[in-house]
Amino acid sequence: MGDSQVLVASNRGPVSFALADDGTLSMRRGGGGLVSALAGLGGDILWVCAALSDADRAAARRVEDGRLDAYGAGAVRMLDIPAGTFHRAYNAVANSTLWFVHHMLYDSPNTPHFDARSRRDWQSYEAYNAAFADALARDARPGAKVAIQDYHLTLAPGMLRERRPDLKIVHFAHTPWAPPEYYRLLPDDIGREVLEGILGADHAGFHAQRWADAFIDCCAAVLQAKVDPVARTVTHAGRVTRIGVHGLGIDGDSLRARAAEPDVQARKKALREQVGDRRLIVRIDRTELSKNIVRGLAAYRELLAKHPEWHGRVVHLAFAYPSRHDLPEYREYTAAVQRIAAEISDEFGDGTWEPLILQVNDDYPRSLAAYGLADVLLVNPIRDGMNLVAKEGPVLSERGCALVLSREAGAAAEMDDDALMINPFDVSQTAEALNQALLMPPDERAERCARLTAAATTLPPQEWFGAQLAALDGQL
């Protein structure tokens with residue numbers, strides 16, 4: 001990284017706050033790939049993020065310009081964006097529009113419906129991005145590197161370029177990218193703004209080649225930009241943006257160290273007692289529409305119906321952690337997950353065998369414990385930018401787990417040789433893949449799992465982030 005200043009911009013920052021009844025604030029450090037990526041880099045790094053809760057806003061207001069050094073958070077600036085503006089930008093645009101487009105989730109006869117209210121929401125998204133651009137422009141020293149993250153901040157690179165043309169800017173998209181014919185569901189002007197916003201960066205990064213290719217195709221179709229798919233460049237409005245592929249991986253050593261801690265081991269013991277000597281199929285997801293939990297449970301039900309020889313011999317442990325419950329579609333989806341889980345238990349449970357265990361309370365140590373015990377890991381998203389569950393599972397597997405993986409996950413590009421690949425919409429194919437995984441000989445399963453682990457740890461978070469910074473210097 002050298003001696004240059006690096007600024008990181010993301011919706012969620014590395015810390016969050018809780019407000020006690022007496023008005024005192026307590027701080028908690030966050031997790032995730034980006035936090036891991038920066039943890040060991042050292043150097044001159046400033047993280048700019050949004051205040052996500054009332055407690056975060058209270059913390060930001062108690063210090064000058066939202067700079068959280070006083071709390072021991074390090075160099076973090078938390079932006080106190082007005083709650084209404086944040087809500088419209090985050091929920092109405094980022095999560096209910098851009099997320100739906102890139103994951104191709106719309107029920108197109110009925111949604112989307114872009115009207116005057118949508119325009120007000122879009123103005124809030126512009127204001128939200130402008131708040132980040134202003135903060136970055138103010139804090140960045142001449143020639144600094146700025147790494148802007150994800151679909152919440154697609155306009156920020158272009159806005160920052162206007163304010164500070166001296167900066168080196170990278171934007172990274174953690175989601176898939178929609179192909180042009182689907183991307184054009186967006187209003188024409190909004191579709192152009194998003195693309196031109198990202199093209200304000202010197203380098204635009206994606207988890208998989210297919211998402212990078214889709215972005216390039218959108219630039220050609222929507223902007224009539226000059227694209228070079230071989231050199232991976234897009235030229236538009238007199239600027240050249242390089243397009244890169246950086247598939248985020250796992251830090252295997254730190255993940256294994258976390259899994260060895262007492263809280264994980266205690267949960268592992270409890271899970272083993274609960275499951276007994278039965279085979280274990282595990283899935284770990286948020287109740288997010290793109291994760292395809294309902295079809296995954298339907299596939300397990302079909303497995304039990306078509307292969308009664310597994311009755312009493314297999315348990316499906318399904319983690320479905322709450323997600324975005326302020327959006328009605330997500331509340332309805334969570335209810336659908338719970339309904340089909342209850343139907344499976346009622347249909348196949350016999351009092352001595354519990355075929356399905358649905359876990360809805362977020363419990364990270366329990367998830368790590370389940371990885372270690374899994375015989376089969378089911379990862380069947382409709383679309384996913386990467387999907388780190390597909391990588392974490394093999395890394396922590398104790399006996400070698402078989403991976404049943406959707407071809408629509410970004411991870412498929414790296415893991416398709418050794419996973420059992422499925423069409424996520426084909427419930428019957430998924431059921432047969434689960435059966436094949438359960439029947440896989442232990443030696444083959446262990447060999448596949450070892451190769452999956454090698455693929456999963458190819459580009460751990462620090463190297464993933466470093467590769468983006470190196471691209472700004474033309475080193476990649």
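Scroll up to find the structure.
Residues numbered from 1 in each chain as written. Predicted model: local features only at pLDDT ≥ 70, side-chain atom pairs only at ≥ 80, totals over all residues. Heavy atoms only, no water.

Enquirer: I'd like a description of the packing of helix 11 (residues 293-306) against helix 16 (residues 427-439), backed by residues and values.
Expert: The geometry of helix 11 relative to helix 16 is characterised by a closest axis approach of 8 Å and an angle of 65° between their N-to-C directions. Crossing handedness for the pair helix 11 and helix 16: right-handed. Only Val427, Ser428, Thr430, Ala431, Glu432, Leu434, Asn435 and Leu438 of helix 16 make contact with helix 11, whose side of the interface consists of Arg295, Ala298, Ala299, Tyr300, Glu302, Leu303 and Lys306. Classifying every residue of the contact of helix 11 with helix 16 gives eight nonpolar, three polar and four charged. (Axes fitted to C-alpha atoms, helices over the stretch in contact; angles between N-to-C directions. Helix = DSSP H or I, 4+ residues; strand = E, 2+ residues; numbered from the N terminus. Left-handed = near helix turned anticlockwise from the far one by under 90°. Contact = heavy atoms within 4.5 Å. Nonpolar A, V, L, I, M, F, W, Y, C, P; charged D, E, K, R; others polar.)

Enquirer: Describe the side chain of Gln359, naming the residues involved and giving the relevant values.
Expert: The topology assignment puts Gln359 in strand 14 (residues 356-359). Classification of Gln359 as buried rests on a relative accessible area of 14%. Within the structure, Gln359 has its side chain in polar contact with the side chain of Arg366 (distance 2.3 Å). Other than its neighbours up to four places away in sequence, Gln359 contacts Ala318, Phe319, Ala320, Tyr321 and Arg366. (Buried < 20%, exposed > 50% of the residue type's maximum accessible area, 1.4 Å probe, protein only. Polar contact = N/O pair within 3.5 Å; in protein donor to acceptor, adjacent residues only side chain to side chain.)

Enquirer: Talk me through the packing of aromatic side chains; I want residue IDs and the actual numbers.
Expert: Tallied over the entire structure, the rule returns 13 aromatic pairs. For the ring pair Trp464 and Phe465, a centre distance of 6.4 Å and an interplane angle of 45° mean the geometry is tilted. Considered together, Trp464 and Phe465 belong to a single accessibility category, that of buried residues. Of the aromatic side chains, those joined through ring pairs into one cluster are Phe86, Tyr90, Tyr128 and Phe132. (Phe/Tyr/Trp six-rings, centres within 6.5 Å; stacked < 30°, edge-to-face > 60°.)

Enquirer: Lay out unusual backbone geometry with the relevant residues and their values.
Expert: The phi torsion of most residues other than glycine is negative, and most of the peptide bonds are trans. Here the residue pair Thr111 and Pro112 is connected by a cis peptide bond, since its omega of 5° sits within 30 degrees of zero. Position of Pro112 relative to the elements: it lies in the loop between helix 3 (83-102) and helix 4 (116-139). The backbone phi angle of Gln224 is positive, close to 55°, even though this residue is not glycine. Its place among the elements puts Gln224 in the loop between helix 8 (209-223) and strand 9 (226-228). For Gln224, a relative accessible area of 59% gives the class exposed. Its identity is not glycine, yet Ala237 carries a phi of approximately 55°, on the positive side. In this structure, Ala237 sits in the loop between strand 10 (233-236) and strand 11 (239-245).

Enquirer: Could you give an account of helix 8, with specific residues and numbers?
Expert: Given a rise of 1.5 Å per residue, 15 residues ought to cover 21 Å, and the 21 Å separating the end C-alpha atoms of helix 8 matches this to within 8%. Packing partners of the buried residues in helix 8 comprise helix 6 (180-183), helix 7 (188-198), strand 8 (203-206), strand 9, strand 10 and strand 11. Positioned one or two residues after helix 8, Gln224 has a phi angle of 55°, which is positive. (Expected span 1.5 Å × (residues − 1).)

Enquirer: Give a description of helix 17 (residues 442-456) that names residues and reports values.
Expert: Side chains that are three or four residues apart share a direction in an α-helix, a result of its 3.6 residues per turn. Its 15 residues place the ends of helix 17 20 Å apart at the C-alpha level, agreeing with the 21 Å of an ideal helix rising 1.5 Å per residue. Within helix 17, the full set of buried residues consists of Arg445, Arg448, Cys449, Leu452, Thr453, Ala455 and Ala456. Mapping the buried residues of helix 17 onto a view down its axis gives an arc of 155°, with all of them on the same face. On its buried side, helix 17 packs onto helix 9 (252-259), strand 12 (279-286), helix 14 (389-396), strand 16 (402-406), helix 15 (412-415) and strand 17 (420-422). (Arc of directions from axis to C-beta.)

Enquirer: Describe the pairing of strand 14, with residues and values.
Expert: Two strands pair when backbone bridges link them, and strand 13 (residues 314-321) and strand 14 are joined in this way by four bridges, in the parallel orientation. Bridge pairing links Leu317 to Ile357 in strand 14. Regarding topology, helix 12 (residues 328-348) serves as the crossover connection from strand 13 to the parallel strand 14, and that connection is right-handed. (Pairing = 2+ DSSP bridges. Right-handed = clockwise from strand over helix to strand, strands pointing away.)

Enquirer: Can you break down the nonpolar core residue by residue, with the values?
Expert: One finds Trp177 and Tyr183 to be the most contacted residues of the largest nonpolar core, which totals 140 residues. Those residues in contact with Tyr183 that lie beyond four places of it in its chain are Val101, His102, Trp177, Ala178, Gly191, Val194, Leu195, Cys218 and Val222. If you look at the next biggest cluster of nonpolar residues, it comprises 27 residues, including Val63, Ala147, Leu248 and Leu472. (Core = buried A, V, L, I, M, F, W, Y, C linked by side-chain atoms within 4.5 Å.)

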